[in-house]
Amino acid sequence: DQATAARKQCDALRRDGRWADMARLLELRGDMVDDVVEAVHCYLAAADVWERDAADLGRAMECLQRILRLEPDNAVAAEGLREFFREQGRYKDLLDLLQSQVDEEEAPHRRGELCLEVGQVYESHLFRGREAVRWYLRAYHDNPFLKDGALAGVQRVFESSPQDPQ
């Protein structure tokens, strides 16, 4: 069957150290299968090969974005993208991803955690205190267990800019 043939090809490419070809094959396999779970598995494997073996972070991130289009709540892909955006200093992209996750998240406790992270990005990287405070308060509203973190963020913003946070 096709899956067995693809595995054999991947094994041969791995033995030869042809990482980019292997990653492309995994992506192609993900494009061809009808089963979302199998496609996600292929894209995750391709992302891993692109990142670890072929040293192409851009292609790895493209695979993770494909996964999120198929499965918006895939935690592995979302965390991989968040980490990549943080490391690359792509805070606008990080905010876009986090805010879309907030919009899609149904569980209030998890939505609160994401809101807290949005607030931290606004505070620490974009220096937009007013936006940070708004997100910290939303985090507390969605998840009261985040009270200490949310209020500490609000306090930091007001201490750093007592007149008028941006």
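As shown above, the structure is provided for reference.
Starting afresh in each chain, residues are numbered from 1 along the sequence in its written order. Where local features are concerned, this predicted model is filtered to residues with pLDDT of at least 70; where side-chain atom pairs are given and counted, the filter is 80 or more; whole-chain, interface and lining totals use all residues. Where side-chain values are given, they derive from all heavy atoms of the structure, hydrogens and water being excluded.

Asker: Would you explain the overall build of the protein chain in this entry?
Answerer: Under the scheme used here, helices are H or I runs from DSSP no shorter than 4 residues and strands are E runs no shorter than 2 residues, and both carry numbers assigned from the N terminus. When helices and strands are counted, the protein chain shows 9 helices and 0 strands. Beginning at the N terminus, the succession of helices and strands in the protein chain can be written as α-α-α-α-α-α-α-α-α. The reference for a compact globule is 2.2 Å times residues^0.38; the radius of gyration itself is calculated from the C-alpha atoms. Its C-alpha radius of gyration of 20 Å places the protein chain more than 25% over the 15 Å reference for a compact globule of 166 residues. A principal-axis box enclosing the C-alpha atoms of the protein chain has dimensions of 65 × 30 × 20 Å. Accessibility here uses a 1.4 Å probe with only protein chains present; expressed as a share of the type maximum, an area under 20% marks a residue as buried, one over 50% as exposed, and anything in between as partly exposed. Scored against the burial criterion, the 166 residues of the protein chain give a buried share of 40%. If you take every contact in the protein chain between residues at least 6 apart in sequence, the share linking residues at least 24 apart comes to 42%. It only takes one pair of heavy atoms within 4.5 Å for two residues to be counted as in contact.

Asker: Would you mind going over the pattern of salt bridges with me for this structure?
Answerer: Once their charged atoms are close, side chains differing in charge can pair, the charge on each being opposite to the other. Here a salt bridge means any side-chain nitrogen of Lys or Arg lying within 4 Å of a carboxyl oxygen belonging to Asp or Glu. Under the definition given, this model contains 20 salt bridges. One salt bridge connects Arg66 with Asp31, and the closest N-O pair in it is separated by 3.4 Å. Here Arg66 is found in helix 4 (residues 57–70), whereas its partner Asp31 is found in helix 2 (residues 19–32), with 35 residues between them in sequence. Exposure remark for Arg66: the relative accessible area of 24% places this residue in the partly exposed category.

Asker: Help me understand the packing of helix 5 (residues 75–88) against helix 6 (residues 91–104) in this model?
Answerer: Think of two packed helices as two axes; the pair is described by the angle between the axes and how far apart they sit. Axes here refer to lines fitted to C-alpha atoms; in helices the fit is confined to the stretch in contact. Angles between the N-to-C directions go from 0 to 180 degrees. The contact between helix 5 and helix 6 brings their axes to 8 Å, and the two run at 155°. In this view, helix 5 runs roughly antiparallel relative to helix 6, as classed from their interaxial angle. Two packed elements cross with a definite hand, and for helix 5 against helix 6 that hand is left-handed. Mapping the contact onto sequence places Ala78, Leu81, Arg82, Phe85 and Arg86 in helix 5 and Tyr91, Asp93, Leu94, Leu97, Leu98 and Gln101 in helix 6. Classification convention: Asp, Glu, Lys, Arg as charged; Ala, Val, Leu, Ile, Met, Phe, Trp, Tyr, Cys, Pro as nonpolar; all other residues, Gly among them, as polar. Here the residues of the contact of helix 5 with helix 6 sort into 7 nonpolar, 1 polar and 3 charged. Reported orientations rely on four angle classes, namely roughly parallel under 35 degrees, roughly antiparallel over 145, roughly perpendicular from 65 to 115, and oblique for the rest. By the definition used in this description, the sense in which the near helix is turned from the far one sets the handedness, with an anticlockwise turn below a right angle giving left-handed and a clockwise turn giving right-handed.

Asker: Explanation requested: the layout of surface pockets in the structure shown.
Answerer: Think of a ball as big as a water molecule: rolled over the atoms, this probe shows where empty space is left. Think of a 1 Å grid over just the protein atoms. A cavity is a set of points where a 1.4 Å probe fits yet cannot get out, a pocket is an open set with protein on both sides within 12 Å along at least five of seven lines, and lining residues have an atom within 4 Å of a point. Grid points are joined across faces, edges and corners, and a volume is the space filled by probe spheres set on the points. Quantified by volume, the largest pocket comes out at close to 270 Å³. Together, 14 residues line the largest pocket, and Ala3, Arg7, Leu26, His41 and Cys42 are the ones closest to its centre. When residues of the lining of the largest pocket are traced back to their parent elements, those giving at least two are helix 1 (2–15), helix 2 and helix 3 (36–53). Element by element, the count of residues in the lining of the largest pocket is highest for helix 1, at 6 residues.

Asker: Where do I start with helix 9 (residues 147–160) in this structure?
Answerer: Every α-helix carries 3.6 residues per turn, so stepping three or four residues along brings you back to the same face. Between the first and last C-alpha of helix 9 there are 20 Å, a value that for 14 residues agrees with the 20 Å anticipated at 1.5 Å per step. Among the residues making up helix 9, those that are buried are Ala150, Gly153, Val154 and Val157. Looking straight down helix 9, one finds that the buried residues subtend no more than 95° of arc, so they occupy a single side. Among the exposed residues of helix 9, those oriented more than 90 degrees off its buried face are Asp148, Glu159 and Ser160. In the core, the buried residues of helix 9 are packed alongside helix 7 (108–124) and helix 8 (129–142). By this rule the span expected of a helix is its residue count minus one, scaled by 1.5 Å. Throughout, the arc means the angular range of directions from the helix axis out to the C-beta atoms.

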